[in-house]
Amino acid sequence: MFLVKRRRQLAETVHVYISCYIWETEGRMSCNASVTRLHLSSLKRAEKVPVHLMPCEIEHNGLAQVSQYFTATTKEKKKEKTVSFRGRGLKGQEISCPQGYTGLVLKEVDRHGSDQEDRTVKVTSVFDKLTYWNLETPPTSDDTVVMAMDWPELAEAIHGTVED
Amino acid sequence: MAAKKKRTPNTHNDSWVVIAADSAVETQKHDCDPDFVKLRNPSTDEASLYMLSAGDVQLYEVKAFEEDFHSWFVGQTVQRDGKLLFVTRMDPLYLILPYMIKSGQEGKFQPVDQVVKDDEFPASSRLLSCTRSLTSLHHIAEGKEVGSLKFHRYSQERTLNWLQKKVERTIVALKKKHICVGEGVKSTTYVRVKTESDNQEEDYLRYAHGLISEYISEELSKALLKHLGLPELKSAKETEPPSKKRKLSDKPVEAGEDYTKFNSGDFARKPPKKMTAAQKTLAKVDKSGMKPMSSFFSPKTKAEKK
Amino acid sequence: MDLKQFEADNSGSCRLASRIPDVCRTEDCCLGVDEAGRGPVLGPMVYGICFCPVSKKEELKDLKVADSKTLNEAERENLFQKLDEAQSYVGWALQILSPNMISTSMLQRTKYNLNALSHDTAICLIQYALDSGVQLKEVYVDTVGPAEKYEKKLSQLFPGIQVTVRPKADSLFPVVSAASICAKVARDRVVKGWNFAEDLGEIDTDYGSGYPNDPKTKEWLLKYLDPVFGYPQFVRFSWSTAQTLMDSKAAPVHWDDDEEDGEKAAQQQNNRSMLSYFSASAEGDRAQQTHRFFSERRLKSLKSL
């Protein structure tokens, strides 16, 4: 038993050493010791924006004419929305953030080449609902993202305080 | 049509879409900020991401909803990474528990701040600052006071009673949310001892036990199963369900289950969003449904590559 | 020809039709089918039918309707005017297939090819005439795909009607020419007055013929290429011209049913993602089964931000 434990500890030490080494060579310190601070002061300045979860991977990060191309061509009939993206038909619906929860978009604050291992993120936008899009299939309550919204309420049950 | 481009890896992601508990991002109360920290996951014994609210008052868990082929439009921008993070309140006792159990093996009463210490995860000691940590320690440990000093010793009995309450609370939430807890999904991999009828309550109990087990070690999960009066399920292929913990397993890691079998089994039950090659061939051939059979063999139909 | 209905929503498919002449409901009729705008990378494809009593065939011929391709725009407009004046015995109907509808159909998961789309549209229009009480006896169709096979298909679908499918039917049968003129006039008008649903401000409408080899069209496609969205819905995304330009100049986009990303990768991907349900570590060096509540919801723990 003792031996097994020792071996495990040894394995962990080696594991940590290797992980740190790899992360460091990538120029990103991600040791278990590092902390990512969330700058809450940015929350007040964050703008409420529309967010869309797209059923495709777009190899791009940055500006796009979302309202001009996407929002402007979106049609809505009885809560079901339709639009097309790159010639493909999408069907979607809007869902709200669970009660007591807020949507945030976080962005890493540039570290200006400092070698500090701790990172900082700020809130760039907020949202209280999102629109998710399926490729061609109509939205239903069985869609995974809709089901994922069950999690916060269940988490409250698993993690809430237990009475004596 | 032009050949599709290969996907390049998304290496430098620097933004995240998050759904967070309001309490995690309250700005009024404190003049300090919340931190994302890495702590030892009590189930896997490895690093997982958590969040401590401003002043380490509360602990939060970070989970990611992630499906392949997704991206975000956020306002007038594209965010390639399609993950959706959930920041939900977490009971710090789950993370304190493994340290208590470890020190409990010595059988002594000890000060918790000496117990909850982890060189590998320095943020662990901050768990004790959470409001709920010290006030709820009695759920998992016996306490002793000597003067102004407090000492604790792990109690499995208390822990199991506490976990049972957790299971009960979880069942209430599962019922309220109408979450499907039937064993259908597992029926091909597990053989049930009892018949399917009148087992609904047991299904809930087992499901909730499974959820709570995500936050405790496998040993404790098994003890809890016994405590709840549930028999262990037998795997159809092996006598044990797929081994969860390396702690218990001295087998080499490659050994054991053939996961490809699991995969195909599980996929067959999911609504097939991705079509099989055969379906696709059929679909390509004739949309109108009015073509003669011969068109199935016409040269225009692109043959499915083998 | 009132295009308002289509212009109000030019993202789908829309039918326009003349009044049905009374005589068409009582006398044996012939009907011609033709299309306009099959080749262009821009704008809609329009299917047209035109019909009149068999006894009025000669009168239709006297209107001097000829193959619309040999006429210029003004001549076509003029002939359409004449057909309109003959509304006591000539009727027509059109189906406008928007470029967006063409794109999304052809690029569907279950691919819907242009021939199938054309056939189905033609069939719908013939059925429309029948449903409206037109006493159809003869149908003439300009072919899409092999004429013989198409003719057999239509004959089977419409028993009791003499179906003739021919290449260049529009130059052989005046009633097909008339259908061709209706379709072409509608396509020209729609393209000319295209109502861009996108919010792109003033748009240069000098897009040439819309055929991929027209330099003006090419220039326009280069000018209006958006790195994320590709093109306005005016463009047929399923055309290789558009695809090639997007492949070279726009951000790559990957779908789960892409031939390369999806199908082949899907299996690996499935294996990987399914494995990840069972193993907490991406390296897969350890088997960790996540509770199905999480795996069914694609939820997992993170190791780092």
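All of these numbers come straight from a predicted model, not from anything done at the bench.

Section: the overall build of chain A
And then number 1: Scanning chain A from terminus to terminus reveals five helices and 11 strands.
And then number 2: For chain A, the proportion of its 164 residues judged to be buried stands at 49%.
And then number 3: Restricting the contact set of chain A to residue pairs at least 6 apart, pairs at least 24 apart contribute 63%.
And then number 4: Accessible surface, chain A as shown: approximately 8,600 Å² in total, 54% of it carbon and sulfur.

Side note on the UniProt feature "binding site: a divalent metal cation" (unreviewed entry) in chain C
Residues and elements named next belong to chain C.
And then number 1: Sequence positions flagged by UniProt for "binding site: a divalent metal cation" (unreviewed entry) are, in local numbering, Asp34, Glu35 and Asp142. Spanning 109 residues, the annotated positions come together in the fold, the maximum distance between their C-alpha atoms being 8.0 Å.
And then number 2: Among the secondary structure elements, Asp34 is positioned in strand 2 (residues 29–36).
And then number 3: The class for Asp34 is buried, based on a relative accessible area of 4%.
And then number 4: Here Glu35 falls in the buried class, since its relative accessible area comes to 15%.
And then number 5: A distance of 3.0 Å separates polar atoms of two side chains, one belonging to Glu35 and the other to Tyr47.

Things to note about the packing of helix 6 (residues 114–131) of chain C against helix 7 (residues 147–157) of chain C
Residue and element names in this part refer to chain C.
And then number 1: Relative orientation of the contacting elements helix 6 and helix 7 amounts to 35°, with a least axis distance of 12 Å. For helix 6 against helix 7, the interelement crossing comes out right-handed. Across the interface between the two elements, Ser118, His119, Ala122, Ile123 and Ile126 of helix 6 pack against Tyr150, Lys153, Leu154 and Leu157 of helix 7.
And then number 2: Taken together, the residues that form the contact of helix 6 with helix 7 break down as six nonpolar, two polar and one charged.

Looking at the pattern of salt bridges
And then number 1: One pass over the structure, following the stated rule, counts 47 salt bridges over all chains.
And then number 2: A salt bridge links Glu153(A) to Lys177(B), with the nearest nitrogen and oxygen atoms 3.2 Å apart. Linking Glu153(A) in helix 5 (residues 151–159) with Lys177(B) in the loop between helix 4 (156–176) and strand 10 (190–191), this pair reaches from one chain into another.
And then number 3: Classification of Glu153(A) as partly exposed rests on a relative accessible area of 29%.
And then number 4: Residue Lys137(C) pairs with Asp28(C) through a salt bridge whose shortest N-O separation is 3.8 Å. With Lys137(C) in strand 5 (residues 136–142) and Asp28(C) in the loop between helix 2 (22–26) and strand 2, the pair connects residues that are 109 residues apart, well separated along the chain.
And then number 5: Residue Lys137(C) is classed as partly exposed on the basis of its relative accessible area, which comes to 33%.
And then number 6: Sharing partners across several salt bridges, the network here consists of Asp150(A), Glu153(A), Lys176(B), Lys177(B) and Arg297(C).

Let's talk about the interface of chain B and chain A
And then number 1: The interface is formed by 75 residues belonging to chain B together with 77 residues belonging to chain A.
And then number 2: Summed over both sides, the interface of chain B with chain A buries roughly 7,000 Å², with 56% coming from carbon and sulfur.
And then number 3: Between the two partners, chain B and chain A, sit nine salt bridges.
And then number 4: The interface formed by chain B and chain A holds 43 residue pairs in polar contact (both at pLDDT 80 or more) in total.
And then number 5: Mapped onto the side of chain B that touches chain A, the elements with two or more residues apiece are strand 1 (15–21), strand 2 (35–40), strand 4 (59–65), strand 5 (71–74), strand 6 (77–79), strand 7 (84–90), helix 4 and helix 5 (200–212) of chain B.

Notes on unusual backbone geometry
And then number 1: Non-glycine residue Lys79(A) carries a positive phi angle of around 75°.
And then number 2: Turning to its location among the elements, Lys79(A) is positioned in the loop between strand 6 (75–77) and strand 7 (80–85).
And then number 3: Positive phi values are uncommon outside glycine, yet His178(B) reaches one of about 55°.
And then number 4: Summarising the element assignment, His178(B) is placed in the loop between helix 4 and strand 10.
And then number 5: Looking at His178(B), the relative accessible area reads 70%, which means it is exposed.

So, the domain arrangement of chain C
Residues and elements named next belong to chain C.
And then number 1: Looking at the assigned domains, one finds that chain C contains domain 1 (3–193) and domain 2 (215–249).
And then number 2: Distance from the C-alpha centre of domain 1 to the C-alpha centre of domain 2: 29 Å.
And then number 3: Taken together, the contacts link 19 residues of domain 1 with 13 residues of domain 2.
And then number 4: Of the roughly 1,200 Å² buried between domain 1 and domain 2, counting both surfaces, carbon and sulfur atoms make up 64%.
And then number 5: Taken together, domain 1 and domain 2 are joined by zero salt bridges.
And then number 6: Along the contact surface separating domain 1 from domain 2 lie nine residue pairs in polar contact (both at pLDDT 80 or more).
And then number 7: If you list the elements that add at least two residues to the side of domain 1 that touches domain 2, you get helix 5 (99–106) and helix 9 (174–192).
And then number 8: No other element matches helix 5, which puts five residues into the side of domain 1 that touches domain 2.

Notes on the packing of aromatic side chains
And then number 1: Evaluated as defined, the whole model comprises 24 aromatic pairs over all chains.
And then number 2: Consider the rings of Phe73(B) and Phe229(C), whose centres lie 5.4 Å apart with planes at 45°: the pair is tilted. With Phe73(B) in strand 5 and Phe229(C) in the loop between helix 10 (215–223) and helix 11 (240–249), this residue pair bridges two chains. Of the two residues, Phe73(B) and Phe229(C), both sit in the buried class.
And then number 3: Taking the centre distance of 5.3 Å and the plane angle of 90° together, the rings of Phe293(C) and Phe294(C) count as edge-to-face. Phe294(C) matches Phe293(C) in its accessibility class, with the two residues each being buried.
And then number 4: Ring pairs connect the aromatic residues Tyr69(A), Phe70(A), Phe85(A), Trp133(A), Phe73(B), Phe229(C) and Trp255(C), which therefore count as one cluster.
And then number 5: When the ring centre of Phe294(C) is taken as origin, the NZ or CZ atom of Lys63(B), which lies over that ring, is 4.3 Å away.

Things to note about the sheet that holds strand 4 (residues 91–97) of chain C
All names here are of chain C.
And then number 1: Strand order in the open sheet formed by six strands is 1-4-3-2-5-6, and the pairing between neighbours is mixed. Looking at which strands have only one partner, the edges of the open sheet turn out to be strand 1 (13–17) and strand 6 (162–166). Between one strand axis and the next, the sheet turns by 15° as a mean value, whatever way the strands run.
And then number 2: Examined bridge by bridge, strand 3 (residues 45–53) and strand 4 share seven bridges and lie antiparallel to one another. Counterpart to Gly48 in the pairing with strand 4 is Leu94.
And then number 3: Seen against the sheet, helix 6 touches strand 1, strand 2, strand 3, strand 4 and strand 5 and runs at an angle of roughly 30° to strand 3.
And then number 4: Contacting strand 5 and strand 6, helix 7 crosses the sheet at an angle of about 160° to strand 6.

Details of the side chain of Ser103(B)
Residues and elements named next belong to chain B.
And then number 1: Topologically, Ser103 is positioned in helix 1 (residues 93–104).
And then number 2: Judged by its relative accessible area of 9%, Ser103 is buried.
And then number 3: Here Met100 takes part through its backbone oxygen, which lies 3.2 Å from a polar atom of the side chain of Ser103.
And then number 4: Residues contacting Ser103, with those up to four places away along its chain left out, are Gln110 and Val115.

So, the nonpolar core
And then number 1: Core analysis: the biggest nonpolar cluster contains 112 residues, and Phe70(A), Phe85(A), Phe73(B) and Trp220(C) have the highest contact counts within it.
And then number 2: The greatest single-element share of this core, amounting to 11 residues, is contributed by helix 9 of chain C.
And then number 3: In this structure, this core is formed jointly by two domains, domain 1 (3–193) and domain 2 (215–249) of chain C, each of which donates at least three residues.
And then number 4: Beyond its immediate stretch of four places on either side in the chain, Phe85(A) contacts Met54(A), Cys56(A), Ile58(A), Phe70(A), Leu90(A), Phe73(B), Val228(C), Phe229(C), Val253(C) and Trp255(C).
And then number 5: The next biggest cluster of nonpolar side chains, apart from the first, holds 101 residues, and it includes Leu40(A), Leu52(B), Leu85(B) and Leu305(C).

A look at the confidence of the model for chain A
And then number 1: Within chain A, residue pLDDT values average 84, and 78% of them lie at 70 or more.
And then number 2: Here residues 1–30 of chain A scores under 50 on pLDDT; set against residues more than four positions off or in separate chains, the count is 21 contacts.

Cut-off values and rules
Residues numbered from 1 in each chain as written. Chains lettered and ligands numbered in written order. Predicted model: local features only at pLDDT ≥ 70, side-chain atom pairs only at ≥ 80, totals over all residues. Heavy atoms only, no water. Helix = DSSP H or I, 4+ residues; strand = E, 2+ residues; numbered from the N terminus. Buried < 20%, exposed > 50% of the residue type's maximum accessible area, 1.4 Å probe, protein only. Contact = heavy atoms within 4.5 Å. Areas by Shrake-Rupley, 256 points an atom, 1.4 Å probe, with all protein chains shown as cover. UniProt positions renumbered as here; feature names shortened; annotations may be inferred. Polar contact = N/O pair within 3.5 Å; in protein donor to acceptor, adjacent residues only side chain to side chain. Axes fitted to C-alpha atoms, helices over the stretch in contact; angles between N-to-C directions. Left-handed = near helix turned anticlockwise from the far one by under 90°. Nonpolar A, V, L, I, M, F, W, Y, C, P; charged D, E, K, R; others polar. Salt bridge = Lys/Arg side-chain N within 4 Å of Asp/Glu carboxyl O. Buried area = accessible area lost by both parts, 1.4 Å probe. Domains from an automatic or database assignment. Phe/Tyr/Trp six-rings, centres within 6.5 Å; stacked < 30°, edge-to-face > 60°. Lys NZ or Arg CZ within 6 Å of the ring centre and 35° of its normal. Pairing = 2+ DSSP bridges. Core = buried A, V, L, I, M, F, W, Y, C linked by side-chain atoms within 4.5 Å. pLDDT = per-residue confidence, 0-100.

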